[in-house]
Structure formats: C-alpha cells, structure tokens
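Overview (structure and organization)
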Amino acid sequence: MEAIVLAAGYSSRANAFKMTLPLGKRSILEQTISKFEGVCSRVIVVAGYQAEIIQEEVAKLSSKNDYSFQIQFVYNEEFHKGMFSSIQRGCNEVNASDLIITPGDCPLVKKETVHQIAKHIGDVVIPSFHYKGGHPIKLSSEVKQRILETNPESNLRVVLGGYEKTYLTVGDPGVLMDVDTPEDYQKAIDYNKA
C-alpha cells in the first residue's frame, strides 16, 4: 500500500506556511507522514506552492531514516488549479493496488486509525467520528484509475460519487481535525499535548 500526502496548497488562512510549523517534536507534515509507519511501503508527498520548502523537509525526513517506508517528493506544476490536480499528480506515481490519501495538514490522526483503514476492504473507505467522515481515506486501484481518467477540472467528490462508500466508525477525533487557521494550530498543539 502507498499513501499520497497533499501539501501543495497556499496555506492562505494559516498566516504561516503550515506544513513546517512545529507540532510536538515534529513538523505538521512529519506528524502526518509518520502515521503511515507499518502500513505503507511509500509515501508520496505532492507539493506545489513553496515546493522547495516541502522538498527540503522531505529530504530531511528521508535522511533521518526513522521510517521503514520511502518518502518521495513530487511537484505538481498545476497546483494552482486546486487539490484535484494534486491528487491526480500523486495517483500518477502510485504503483500499489490500494492507496491512502490525506491532506498534509491532518497531523492528529492516530496510527491505529490508519491501520484500521488500511485493513478494511472496499473501493472507498472513510473514517467516521460522530457520524462525520474525515481523513485519511483509502481507495482501490479501480478508483485510482477513475481519478486519472477524470477531467482535471472535476473534483474527488464527483469521482467518489460513483462508488459505494464504507464508513469506518473510529474513536479518533483526529480524523476531523485539520490545521487551516491559527486557531486550528493552537487547538492542534493543545490536543497533541493531551
């Protein structure tokens, strides 16, 4: 299994480039990536805006050798077209039959949740906390193929609309927590300490 971590956005609401902000002893991006230990053979990080910062971060993480998986940096030159273009760019790199996709700013998901999602069978597996779907999501190779064949002007919701979704109930509020604003970041710091 492989993972795609989306890190191409502008961080426009965060007042800072959020992927490299510290969260505990790691950056937000590393916290997100670290959850794939023991699940994935490779994590593909798709960058766009300020890609060189992401590239440096990926190089740093790769050189630390803390993880059993390979971390690959990929640049999406069309990142300004939105998240779906980054998803397509990442899917182009995936060789595994199943993949997991997550935004890079979802660092608070528990490792156990990622393991549960990975084991679950289905074309589209979505973690659910208090009846709300969150991240990361697992997709089959058939869905990956459909993503690659879809018009780049479309979006993931449209593609997933054609598939039966399996919602996996988890006791993990982290599946709903992302870091979009300075307030989210403060919440993430508090949650991470708890």
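Given the structure is predicted, the values throughout are model-derived calculations rather than measurements.

Criteria and thresholds
Residues numbered from 1 in each chain as written. Predicted model: local features only at pLDDT ≥ 70, side-chain atom pairs only at ≥ 80, totals over all residues. Heavy atoms only, no water. Helix = DSSP H or I, 4+ residues; strand = E, 2+ residues; numbered from the N terminus. Rg over C-alpha atoms; globule rule 2.2 N^0.38 Å. Buried < 20%, exposed > 50% of the residue type's maximum accessible area, 1.4 Å probe, protein only. Contact = heavy atoms within 4.5 Å. Areas by Shrake-Rupley, 256 points an atom, 1.4 Å probe, with all protein chains shown as cover. Axes fitted to C-alpha atoms, helices over the stretch in contact; angles between N-to-C directions. Parallel < 35°, antiparallel > 145°, perpendicular 65-115°, else oblique. Left-handed = near helix turned anticlockwise from the far one by under 90°. Nonpolar A, V, L, I, M, F, W, Y, C, P; charged D, E, K, R; others polar.

1. Topic: the overall build of the chain
Looking only at helices and strands, the chain features seven helices and ten strands. Here the C-alpha atoms of the chain give a radius of gyration of 15 Å, agreeing with the 16 Å that 2.2 N^0.38 yields for 194 residues. Taking the principal axes of the C-alpha coordinates as reference, the chain spans close to 40 × 35 × 35 Å. When burial is assessed residue by residue, the chain has 52% of its 194 residues classed as buried. For the chain, contacts bridging at least 24 residues in sequence account for 75% of all contacts bridging at least 6. Accessible area of the chain: about 9400 Å², with a carbon and sulfur share of 48%.

2. Considering the environment of Ile44
Mapped onto the fold, Ile44 is located in strand S4 (residues 42–47). Overall, Ile44 belongs to the buried group, its relative accessible area being 0%. Placed 96 residues apart in sequence, Ile44 and Ser140 show a C-alpha to C-alpha distance of 16 Å. With residues near it in sequence (within four places) discarded, Ile44 still touches Glu2, Ala3, Ile4, Val5, Gln72, Val74, Gly90, Glu93 and Val94.

3. Re the packing of helix H3 (residues 83–93) against helix H5 (residues 141–149)
Two measures define how a pair of helices packs: the angle their axes make with one another and the distance between the axes. Look at H3 against H5: their axes get within 9 Å of each other, and the N-to-C directions meet at 125°. When the axes of H3 and H5 are compared, the pair comes out oblique. Here H3 and H5 pass one another in a crossing that is left-handed. When H3 is examined against H5, the residues Phe84, Ile87, Gln88, Cys91 and Asn92 are found in contact with a partner set consisting of Lys144, Ile147 and Leu148. By residue class, the composition of the contact of H3 with H5 is five nonpolar, two polar and one charged.

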